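# Architecture and fold: a report
This is what each chain is made of:
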Amino acid sequence: MTEPTTQPAPTGTEPNTSGTVDLTAAALLALSPAAALAVGTQMDSIPGVISAALVAGAGAGVVTGTRMATGHTTLNLPETSLVRRQAWALVSASGASLLSLLAGFLDGAAGPDALLSTVFAPSWAQAGYTVMSGAWWAATGFTVWQLRKQLLYRQPAPEPTPAPAEEPAAPTTEPPRPVLPQQISPTGSVARILHMWQYIGGPNGVAPDHLLKDIEVAADGSWTGRVLSPLGKTVSAHVSQGTLAQVYGCPDGWVTVADGFNSGERIVSVLSTAPAPTAGVDDSTPQGVWAAYVAAPGRPLPGTTLENVGVNTAEQGGGWRAYVRADRRRVPTPDLVDLAAALGVDRLSLISYVTTSDPTRAIVRVMDRNPLEDGMPIPSLDALKASDGGYISIGRYVTMTEVLVQLCEPGDGAKHMMIAGATGSGKSALIEVLALACHANGYALVLADPKGNSFRKQTYDMAAIHGFGIDGSMTALRAAHAKLKQAQKDLEGTGQNTFTHTPERPLTVVVLDEASRLLNKNSPVKDEAVAIVDDFASLGRALGFSLVLANQIVNLDQLGGSQAVRTNLIGGGTLVMLRTSSGQKHLADLPDEFGLVDPSQIPQTWVRELSLDGVPDGDPRRTYGLGYGAGPGAMAEMMRTSYAPDLSALYDPTRVVQLDFTGVDTTAPVTPTAPAAPSSTRSSSAPAFAAPVAPAKETVEDKVLAVLEETGGGALRRKQILDLTQAGAAQLDRVLKKLRETGAVINPDGIEGLYALPADDN
């Protein structure tokens with residue numbers, strides 16, 4: 001193997017040859033008109049094609065030099081090129097050469113002679129060379145004048161070698177300080193910060209149309225600010241630590257980029273001096289590691305501290321847990337990859353970071369082994385029996401507490417659920433758990449499977465009605481919708497506006513897998529399917545119909561754009577997110593409690609290096625069922641759903657709840673409800689030609705009550721109400737406060753920020 005050679009360092013005595021090169025090039029350029037003149041005298045003996053080519057070449061030199069001089073092109077020449085620096089000299093030299101060659105082309109050897117002598121011998125004036133001769137002499141003189149500095153260049157004398165410095169009396173142990181780019185000065189820094197920001201967020205920047213706002217500059221020149229993306233878009237990946245460090249001339253470690261309140265906002269901070277090193281770092285304690293590698297400036301969670309550090313039990317995977325505290329400010333939401341790297345953790349599944357109801361605190365867990373790796377098999381059918389409050393255990397959180405969901409809450413009504421997960425993520429296994437829960441609790445199951453053959457045979461056998469493909473799924477949904485409308489008619493005038501599950505009036509759980517196959521804009525049954533799903537979502541709570549939608553992504557466009565789905569399922573129901581695309585993290589359809597969730601970071605196997613070849617779907621080494629779950633008002637946390645290794649051992653044909661579909665026409669399409677047309681009936685006492693009455697302007701109070709009414713008794717968060725009413729934030733807060741004081745709206749279960757209409761006592 002050849003050893004690399006090392007070039008000697010410059011000594012400072014090498015001759016400077018750049019001036020010599022310029023002198024040579026300038027001399028050639030200055031002599032080019034004379035050389036062209038000599039060629040012109042021999043034009044008679046040169047073939048015509050070559051003569052024309054020489055004239056065209058000189059003309060091209062004029063055009064090229066002009067374009068370079070006016071900035072239209074540089075021909076990719078280096079900045080140090082003489083031709084690029086002396087473009088006008090190239091124009092004049094090429095022009096003089098063109099005149100020389102043109103004169104020889106027209107009149108042979110006499111032409112160049114006339115060009116030289118006309119200004120001295122006016123007898124040639126009748127030949128028309130007076131102007132050409134003057135132009136030739138002017139261009140030649142201008143060329144020499146432009147190149148005067150290069151033509152008069154003299155090699156500078158070499159500088160004397162300085163005498164070696166005397167040795168210092170005592171050598172110092174302090175290492176030399178690195179030479180850093182000039183930092184941002186405190187004086188006038190806001191203007192400079194905004195000027196430099198154009199390289200990032202300006203029209204020609206790497207992240208166009210991104211705004212930098214609310215800049216706060218410290219006395220030492222350090223600053224913070226908010227980056228806002230264009231409306232409706234997420235912040236560009238170019239708004240990064242590396243890009244900011246490059247633009248503002250500082251090391252990467254001096255820049256921090258943290259998540260804002262939504263996907264269209266980032267909080268950035270840039271230091272003006274190197275962060276002070278943390279003294280006395282103790283890597284043996286969580287507090288020491290956190291202070292040095294997580295909470296220091298430029299790290300994932302700067303300025304935070306750990307509180308109440310404790311030890312995870314062996315059942316919880318070992319390791320440690322603690323509260324993350326931010327001093328009188330909102331606790332940041334870090335990128336889990338950055339947090340794992342800072343803590344020295346090599347697998348994302350060994351970290352859990354969850355925010356709490358206290359905006360200044362979060363909970364972090366660092367585990368030696370994720371306790372969810374072993375899988376969660378269902379021990380018996382009784383394990384899925386609902387509690388007195390209607391809660392069913394469908395898995396375990398990383399804390400090993402149960403994941404509880406409600407399909408029906410006694411005294412309130414049916415509850416809805418949304419499941420998101422890619423193929424192989426465990427979505428079908430979770431639906432089978434819900435089918436077993438119906439089996440265990442005496443609920444009726446309606447199963448629509450547009451994809452077909454997604455579940456094991458016993459799952460279909462547990463359903464009162466099921467359908468395959470688009471046509472079969474619509475048949476099952478029409479039958480269930482007919483039962484919904486029948487229940488609505490039966491309860492008219494009874495004053496019953498809530499539902500409680502009983503053997504005589506069982507809960508009906510309607511499961512639609514791969515929902516986008518029926519609800520997306522290209523579906524042939526889109527309008528009818530959306531109408532059916534809307535009715536289940538808005539009317540099902542009080543009538544005893546629980547809707548479970550499963551899809552690969554949580555995107556309202558793929559779910560028919562239904563506002564009822566957004567309000568009652570995504571916003572007001574239970575949401576479980578298994579492994580899916582990274583774009584889900586930035587969808588506006590997700591509730592706020594899923595702000596930290598990035599389902600694309602869930603690997604297909606617990607160890608990424610493990611090959612899937614030979615690993616069956618039911619093998620616990622796969623991460624099927626691993627995801628994040630949260631009910632209304634709760635924060636999303638890592639969880640894993642249960643699964644049934646052997647459905648035949650849990651299935652009991654005698655426990656299947658049947659529904660009576662006598663007289664139900666499952667072939668008749670459900671017609672979407674059209675908005676009520678204005679009545680044309682007019683009072684007989686009204687004047688025949690009454691003046692048109694201007695409609696009353698809808699107030700913010702009216703809008704709030706209207707959107708809450710549309711939920712069918714469900715609750716909405718403040719952000720959802722803000723989006724739906726399009727009201728101003730301050731105005732909405734005043735209206736909500738007024739409505740709450742008057743009792744027109746309530747905070748369900750005392751949850752601040754969650755609003756609903758009060759229950760009707762009738």
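This text goes with the structure placed above it.
Now for a look at the structure at hand. (Residues numbered from 1 in each chain as written. Predicted model: local features only at pLDDT ≥ 70, side-chain atom pairs only at ≥ 80, totals over all residues. Heavy atoms only, no water.)

### Focus on the overall build of the chain
Test applied: Helix and strand labels come from DSSP, where a helix needs a run of H or I of at least four residues and a strand needs a run of E of at least two; each type is numbered from the N terminus. Remark: exposure states derive from per-residue accessible area (1.4 Å probe, protein chains only) relative to the maximum for the residue type, with buried under 20%, exposed over 50%, and partly exposed in between. Here the accessible surface of atoms and residues is derived via Shrake-Rupley with a 1.4 Å probe, and residues count as covered only by protein chains that are part of the display.
Along the backbone of the chain there are 20 helices and 22 strands. When each of the 762 residues of the chain is scored for burial, the buried share is 45%. Taken as a whole, the chain presents about 39400 Å² of accessible surface, with 56% of it coming from carbon and sulfur.

### Some details on empty space enclosed by the protein
Over the atoms rolls a probe the size of a water molecule, and its path tells where empty space is left. For clarity, the threshold we go by: Both site types are read off a 1 Å grid over the protein atoms alone. A 1.4 Å probe that fits but cannot get out defines a cavity, while an open set with protein on both sides within 12 Å along at least five of seven lines defines a pocket; lining residues have an atom within 4 Å of a point. Grid points are joined across faces, edges and corners, and a volume is the space filled by probe spheres set on the points. Polar here means any residue outside two lists: the nonpolar Ala, Val, Leu, Ile, Met, Phe, Trp, Tyr, Cys and Pro, and the charged Asp, Glu, Lys and Arg; Gly therefore counts as polar.
Counted under the stated rule, the structure contains two cavities of 30 Å³ or more. If you add up the space inside the largest cavity, you get close to 90 Å³. Lining the largest cavity are Leu348, Ser349, Gln601, Ile602, Pro603, Leu626, Tyr628 and Met638. Considered class by class, the residues forming the lining of the largest cavity number six nonpolar, two polar and no charged.

### Brief notes about the nonpolar core
Our working definition: The nonpolar core is taken to be a set of buried Ala, Val, Leu, Ile, Met, Phe, Trp, Tyr and Cys residues, with the residues joined through side-chain atoms within 4.5 Å.
Of all hydrophobic cores here, the largest spans 43 residues; its most connected members are Ile394, Met417 and Leu436. Counting only elements with at least two residues in this core, the list comes to strand 9 (391-397), strand 10 (402-406), strand 13 (417-420), helix 12 (427-441), strand 14 (444-449), strand 16 (508-512), strand 17 (545-551) and strand 18 (574-578). Tallying contributions element by element places helix 12 first for this core, with nine residues. Ranked by size, the runner-up nonpolar core spans 36 residues in total, among them Met418, Met474, Phe536 and Phe661.

### Considerations on the sheet that holds strand 6 (residues 320-326)
The condition that has to hold: When DSSP finds two or more bridges between two strands, those strands count as paired. Each axis is a line fitted through C-alpha atoms, and for a helix only the stretch in contact is used; angles between axes span 0 to 180 degrees, taken between their N-to-C directions. In this analysis, two residues are considered to be in contact whenever any of their non-hydrogen atoms come within 4.5 Å of each other.
The four strands lie next to each other as 5-6-8-7, forming an open sheet whose pairing is antiparallel. In the strand order of this sheet, the two ends are held by strand 5 (304-311) and strand 7 (351-355), each with one partner. Each neighbouring strand pair of the sheet contributes to a mean axis angle of 20°, computed without reference to strand direction. Taken strand by strand, helix 10 (residues 286-294) contacts strand 5, strand 6 and strand 8 (361-366), and its axis lies near 155° from that of strand 5. Contacts from helix 11 (residues 336-343) reach strand 6, strand 7 and strand 8, with the element oriented near 125° to strand 7.

### Description of unusual backbone geometry
The general pattern is negative phi for most residues beyond glycine and trans for most peptide bonds. For Asp214, which is not glycine, the phi dihedral falls at a positive 55°. By the secondary structure assignment, Asp214 is in strand 1 (residues 211-217). By relative accessible area, Asp214 is classed as partly exposed at 47%. Located in the positive-phi region is Asn308, a residue other than glycine, with phi close to 50°. Note that Asn308 resides in strand 5.

### So, the environment of Thr140
One can find Thr140 in helix 6 (residues 130-146). Separated by 48 residues in sequence, Thr140 and Ser92 place their C-alpha atoms 6.8 Å apart. Residues within four places of Thr140 in sequence aside, it is in contact with Pro33 and Ala96.

### Concerning the sheet that holds strand 3 (residues 255-259)
Sheets are built from strands that pair by backbone hydrogen bonding, the pairs being arranged parallel or antiparallel. The four strands lie next to each other as 1-2-4-3, forming an open sheet whose pairing is antiparallel. The sheet is open, and its two edges are formed by strand 1 and strand 3, each paired on a single side. In this sheet, neighbouring strand axes are inclined to one another by 20° on average, regardless of whether the strands run parallel or antiparallel. Note that strand 3 and strand 4 (residues 265-270) share five bridges and pair antiparallel. In the sheet register, Ala258 faces strand 4, and the bridge partner there is Ile267. Relative to the sheet, helix 8 (residues 189-201) contacts strand 1 and strand 2 (223-228), its axis offset from that of strand 1 by approximately 155°.

### Quick notes on helix 16 (residues 526-543)
Basically, it comes down to this: The span expected for a helix works out to 1.5 Å for each residue beyond the first. At any given residue, the bend is defined as the angle formed between two axes, one fitted to the seven residues that end at that position and one fitted to the seven that begin there.
Between its first and last C-alpha, helix 16 extends 24 Å over 18 residues, near the 26 Å set by a 1.5 Å rise per residue. At Ala537, helix 16 shows its maximal kink, close to 40°. Looking one or two residues past helix 16, Gly544 carries a phi angle of roughly 85°, positive in sign.

### Observations concerning helix 12
Helix length check: helix 12, at 15 residues, gives a terminal C-alpha distance of 21 Å against a target of 21 Å (1.5 Å per residue), a fit within 8%. Across the 15 residues that make up helix 12, a large majority, 13, are buried. Once helix 12 finishes, Gly442 follows within two positions and takes phi at roughly 75°, a positive value.

### Side note on the side chain of Ser473
Short version of the rule: A 3.5 Å cut-off defines polar contacts: any pair of N or O atoms within that distance qualifies, except that in protein one atom must be a possible hydrogen donor and the other a possible acceptor, and neighbouring residues in sequence count only when both atoms are side-chain atoms.
Within the secondary structure layout, Ser473 lies in helix 14 (residues 469-491). A polar contact of 3.3 Å, which involves the side chain of Ser473, links it to the backbone nitrogen of Asp449. Dropping the residues within four chain positions of it, Ser473 is found in contact with Ala448, Asp449, Pro450, Gly467, Phe468 and Leu518.

### A closer look at the packing of aromatic side chains
Short version of the rule: Centres within 6.5 Å are what make two rings of Phe, Tyr or Trp a pair, Trp counting through its six-membered ring; a difference in plane orientation under 30 degrees is then read as stacked, over 60 as edge-to-face, and the rest as tilted.
Counted under the stated rule, the structure contains five aromatic pairs. Here the aromatic rings of Trp223 and Tyr248 are separated by 5.1 Å at their centres, their planes lie at 65°, and the arrangement is edge-to-face. Note that Trp223 is positioned in strand 2 and Tyr248 in the loop between helix 9 (241-247) and strand 3, a separation of 25 residues in sequence. Overall, the relative accessible area of 3% leaves Tyr248 in the buried class. With a centroid separation of 5.4 Å and 85° between ring planes, the pair formed by Tyr624 and Tyr643 is classed as edge-to-face. Separated by 19 residues along the polypeptide, Tyr624 in the loop between strand 18 and strand 19 (626-630) and Tyr643 in the loop between strand 20 (637-641) and helix 18 (700-710) bring together distant segments of the chain. Judged by relative accessible area, which is 15%, Tyr643 ranks as buried. Ring pairing ties together the aromatic residues Phe455, Tyr460 and Phe468, which thus form one cluster.

### Let's talk about the packing of helix 10 against helix 11
Stated precisely, the cut-off is as follows: Angle categories: roughly parallel below 35 degrees, roughly antiparallel above 145, roughly perpendicular from 65 to 115, and oblique for all the rest. Should the near helix be turned anticlockwise from the far one by less than a right angle, the crossing is left-handed, and should it be turned clockwise, the crossing is right-handed.
The contact between helix 10 and helix 11 brings their axes to 9 Å, and the two run at 120°. Overall, the two elements helix 10 and helix 11 adopt an arrangement that is oblique. Two packed elements cross with a definite hand, and for helix 10 against helix 11 that hand is right-handed. The residues of helix 11 that touch helix 10, namely those facing Val289, Trp290, Tyr293 and Val294, are Leu339, Ala342 and Leu343. When grouped by side-chain class, the residues that make up the contact of helix 10 with helix 11 number seven nonpolar, no polar and no charged.

### Considering the pattern of salt bridges
Inclusion rule: Throughout this description, the term salt bridge denotes a Lys or Arg side-chain nitrogen within 4 Å of a carboxyl oxygen of Asp or Glu.
Counted according to the given criterion, the structure contains 18 salt bridges. With a closest N to O distance of 3.2 Å, Glu409 and Lys415 form a salt bridge. The partner of Glu701 in a salt bridge is Lys738, and the shortest N-O contact between them spans 3.6 Å. Of this pair, Glu701 sits in helix 18 while Lys738 is found in helix 20 (residues 729-742), placing the two residues 37 residues apart along the sequence. Taking the relative accessible area as the measure of exposure, Lys738 reaches 46% and is therefore partly exposed.

### Some points on the environment of Leu434
Looking at where Leu434 falls in the secondary structure, it is placed in helix 12. It is 9.7 Å that separates the C-alpha atoms of Leu434 and Thr459, two residues lying 25 residues apart in sequence. Excluding anything up to four places from it in sequence, Leu434 contacts Ile394, Met417, Ile419 and Val548.

### Comments concerning the packing of helix 14 against helix 16
Across the interface, helix 14 lies against helix 16 with an axial gap of 10 Å and an inter-helix angle of 40°. In terms of their interaxial angle, helix 14 and helix 16 are classed as oblique. Crossing hand, helix 14 versus helix 16: left-handed. Residues Met474, Leu477, Arg478, Ala480, His481, Leu484, Lys485, Ala487, Gln488 and Leu491 of helix 14 lie in contact with helix 16, whose contacting residues are Glu528, Ala529, Ile532, Asp535, Phe536, Leu539, Gly540, Ala542 and Leu543.

### Section: a nonpolar patch on the surface
Applicable threshold: Exposure above 30% relative accessible area and no salt bridge define the residues that can form patches, which grow by joining like charges within 9 Å and nonpolar side chains of Val, Leu, Ile, Met, Phe, Trp and Tyr within 5 Å.
Residues Val39, Ile50 and Leu54 make up a contiguous nonpolar surface patch of about 210 Å² in total accessible area. As for its placement among the helices and strands, Ile50 is situated in helix 2 (residues 48-69). For Ile50, a relative accessible area of 45% corresponds to the partly exposed category.

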